[in-house]
Amino acid sequence: MTGEISHKGIIKELSDKRILVGIINESACASCHAKGACTVADMEEKIIEIHHFEGDFRVGQFVNVVGKTSQGFKALFYGYLLPFLLLMAVLIISLSITKNEGLSGLLALGSTIPYYFTIYLFREKLKRNFEFEIKAVQS
């Protein structure tokens, strides 16, 4: 394991302080030869912001966006695992207190709203924790 996650992308926007790179996020079946006949094919462009870079880059240039594997695990933790644990804790606690499954389910689902709102409020701070590097693709 190299400890890095790499995606090919194209530079969309360039300034002195940042580079915006578009990468194609493909599901496992998106690269399948039968994707035209299938409705589950999923390809989505994501824009990655790069703040620390060295070298000469231009709009339209193909590059590799590189991040550390640990950042991927951290993103999974904040995006999926922590809210799941919050949801389950609220569900179990509210079910033991109210004995009402419907109310407990609604409270558990509702508990994720303030969680994701807090994530939204701290998005700039979180961006500093998720830094990516950019490397030119060698032709």
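Above this text sits the structure in question.
Residues numbered from 1 in each chain as written. Predicted model: local features only at pLDDT ≥ 70, side-chain atom pairs only at ≥ 80, totals over all residues. Heavy atoms only, no water.

As for the pairing of strand 4 (residues 62-68)
Pairing of strand 1 (residues 4-14) with strand 4 involves seven bridges; the strand directions are antiparallel. In the sheet register, Glu4 faces strand 4, and the bridge partner there is Lys68. Alignment of strand 4 against strand 5 (residues 133-136), held across four bridges, turns out to be antiparallel. Each bridged residue has a counterpart across the sheet, and for Asn64 the counterpart in strand 5 is Lys135. (Pairing = 2+ DSSP bridges. Helix = DSSP H or I, 4+ residues; strand = E, 2+ residues; numbered from the N terminus.)

Topic: the packing of aromatic side chains
The geometry of an aromatic ring pair comes down to the distance between the two centres and the angle between the two planes. This model, assessed by the stated rule, comprises three aromatic pairs. Taken together, a centroid distance of 6.5 Å and an interplanar angle of 75 degrees make the contact between Phe53 and Phe57 edge-to-face. The class for Phe53 is partly exposed, based on a relative accessible area of 24%. On the basis of relative accessibility, which here comes to 15%, the residue Phe57 falls in the buried class. Residues Tyr115 and Tyr116 carry aromatic rings whose centres are separated by 5.1 Å and whose planes lie at 80 degrees to one another, so their mutual orientation is edge-to-face. Using a relative accessible area of 40% as the deciding quantity, one classes Tyr116 as partly exposed. Here the guanidinium or amino end of Arg123 rests over the ring plane of Tyr120, the centre of that ring lying 4.0 Å away. (Phe/Tyr/Trp six-rings, centres within 6.5 Å; stacked < 30°, edge-to-face > 60°. Buried < 20%, exposed > 50% of the residue type's maximum accessible area, 1.4 Å probe, protein only. Lys NZ or Arg CZ within 6 Å of the ring centre and 35° of its normal.)

Some words on the environment of Leu106
Of note, Leu106 is situated in helix 2 (residues 101-121). For the pair formed by Leu106 and Ser94, sequence separation is 12 residues and the distance between their alpha carbons is 9.9 Å.

Considerations on helix 2
Here helix 2 is 21 residues long and its end C-alpha atoms lie 31 Å apart, about the 30 Å a rise of 1.5 Å per residue gives. Contact partners of the buried residues in helix 2: helix 1 (69-98). Looking at where helix 2 begins, the residue whose side-chain oxygen comes 3.1 Å from the main-chain nitrogen of Gly102 is Asn100. (Expected span 1.5 Å × (residues − 1). Contact = heavy atoms within 4.5 Å. Polar contact = N/O pair within 3.5 Å; in protein donor to acceptor, adjacent residues only side chain to side chain.)

What about the pattern of salt bridges?
Any two side chains of opposite charge can pair, so long as their charged atoms come close to each other. Counting across every chain of the model gives four salt bridges. Put simply, Glu13 and Arg18 hold a salt bridge, and the shortest N to O gap is 3.3 Å. Residue classification places Glu13 among the partly exposed residues on the basis of a relative accessible area of 38%. One salt-bridge network, held together by shared partners, links Glu13, Arg18, Glu49, Glu124 and Lys127. (Salt bridge = Lys/Arg side-chain N within 4 Å of Asp/Glu carboxyl O.)

Quick notes on helix 1
Given a rise of 1.5 Å per residue, 30 residues ought to cover 44 Å, and the 42 Å separating the end C-alpha atoms of helix 1 matches this to within 8%. Helix geometry: helix 1 is bent most strongly at Phe77, by close to 45 degrees. If you check which residues of helix 1 are buried, you get Thr69, Gln71, Pro83, Leu87 and Ser94. The inward-facing, buried residues of helix 1 abut strand 1, strand 4, helix 2 and helix 3 (123-129). (Bend = angle between axes of the 7 residues up to and from the residue.)

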